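Structural description and commentary
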Amino acid sequence: MTTENTHSNPFVLKATCKASSGIVAAVTTFLSERGCYISELSQYDDQDTGRFFMRAVCHIESGDHALSDIQGQFQEVAEQFEMEWSLHSATTPTKVLLMVSKFDHCLDDLLYRLRKGELNMEVTAIVSNHLDLRPMAEREGIRFIYLPVTKENKREQELALLDVIRETGTELVVLARYMQILSDSLCKELTGRAINIHHSFLPGFKGAKPYHQAHERGVKLIGATAHYVTSDLDEGPIIEQSVQPVDHTYGPDALVAVGRDTETVALARAVKLHVEQRVFLDGNKTVIFK
């Protein structure tokens, strides 16, 4: 039996600050004094930026300290090192909103993993600019919101989306093959809490039918990249990538099928890493403690 199963009240502490001495000692001493057992501790110094990153999985095993008490009291340690930090209950599901268009493979895979208990998340709603996947949402008993997008109503529909995010308390937005470009203002609003998936041929094979373009060029690897959404299209901080070898025998349809597999794998892994509080933004990069 693992440690996480034998201790109560598990939580995850994430912190980042300018690298200096005494950080680990201050954090671990603080936790120990409040009856917290540290079952997992990861840390990293980015030599390029001089930033320090830490993730600790803890369990309250003694004393009368509540999670809210620890959260309030940790501010003193955080101020000492000018930390950006957060504390999350490890058992509380992350509230996730899924966005789709017509392709169903990423949505279907995420919902399957959710049913199997692989993803600690609660789907607040499925939002789409098409009606094609409404039956899938209704079959799962998940709220489906139809927000068709045109050039004329794009801003209005993005404001409606933000209303849904706020109303449902959504913490993460997942673009599970949502085929609309988000505006710069919406990307900024969702910084660090929106994940997109795309085929890794970009920017080499832009536009329609990238797998057909890849076939014409005789590619030897099919790939997919899951990343945080930014105003720079498909260039946000990378969370997870998946690749699979192919050869000259793969026609366009076979490449599309392989592409579906790589997209579902990369997106599911990225969502899992995020909801487990394993990802830190580090400029246009990520630090991930697996």
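Criteria and cut-off values
- Residues numbered from 1 in each chain as written.
- Predicted model: local features only at pLDDT ≥ 70, side-chain atom pairs only at ≥ 80, totals over all residues.
- Heavy atoms only, no water.
- Pairing = 2+ DSSP bridges.
- Helix = DSSP H or I, 4+ residues; strand = E, 2+ residues; numbered from the N terminus.
- Axes fitted to C-alpha atoms, helices over the stretch in contact; angles between N-to-C directions.
- Contact = heavy atoms within 4.5 Å.
- 1 Å grid on protein atoms, 1.4 Å probe; cavity = no way out; pocket = protein on both sides within 12 Å on 5 of 7 lines; lining within 4 Å.
- Points joined across faces, edges and corners; volume = space filled by probe spheres on them.
- Nonpolar A, V, L, I, M, F, W, Y, C, P; charged D, E, K, R; others polar.

Focus: the sheet that holds strand β5 (residues 94-100)
Strand order across the open sheet formed by seven strands is β7-β6-β5-β8-β9-β10-β11, with mixed pairing between neighbours. Each of the sheet's edge strands pairs with one partner strand only, and the pair in question is β7 (144-146) and β11 (238-245). On average, adjacent strands in this sheet sit at an angle of 20° to one another, irrespective of strand direction. By the bridge criterion, four bridges tie β5 to strand β8 (residues 172-175) in an arrangement that is parallel. What sits directly across from V96, in β8, is L172. Here helix α5 (residues 105-115) sits on the sheet in contact with β5, β6 (121-128), β8 and β9 (194-199), set at roughly 160° to β6.

Comments concerning the sheet that holds strand β4 (residues 84-89)
Taken together, the four strands give an open sheet; going across it, the order is β2-β3-β1-β4, and neighbouring strands pair in antiparallel fashion. A strand with exactly one partner marks an edge of an open sheet, and here the two such strands are β2 (36-46) and β4. Averaged over all adjacent pairs, the angle separating strand axes in this sheet is 10°, with direction ignored. Judged from the six bridges that link them, strand β1 (residues 10-18) and β4 form a sheet pairing that is antiparallel. Across the sheet, the residue bridging to V12 is H88, located in β4.

Things to note about the layout of surface pockets
Estimates place the volume of the second largest pocket at around 550 Å³. In this structure, the second largest pocket is lined by 23 residues; those nearest its centre are K14, S86, G192, H274 and V279. Contributing elements (two or more residues each) for the lining of the second largest pocket: β1, β3 (51-60), β4 and β12 (279-282). For the lining of the second largest pocket, the class distribution of residues is eight nonpolar, nine polar and six charged.

A look at empty space enclosed by the protein
Taken as a whole and assessed by the stated rule, the structure comprises one cavity of 30 Å³ or more. Space inside the largest cavity adds up to approximately 90 Å³. For the largest cavity, the lining is made up of 13 residues, of which M99, V149, E158, L161 and Y178 are closest to its centre. With four residues, the top contributor of residues to the lining of the largest cavity is helix α7 (residues 154-168). Grouping the amino acids of the lining of the largest cavity by side-chain chemistry returns nine nonpolar, two polar and two charged.

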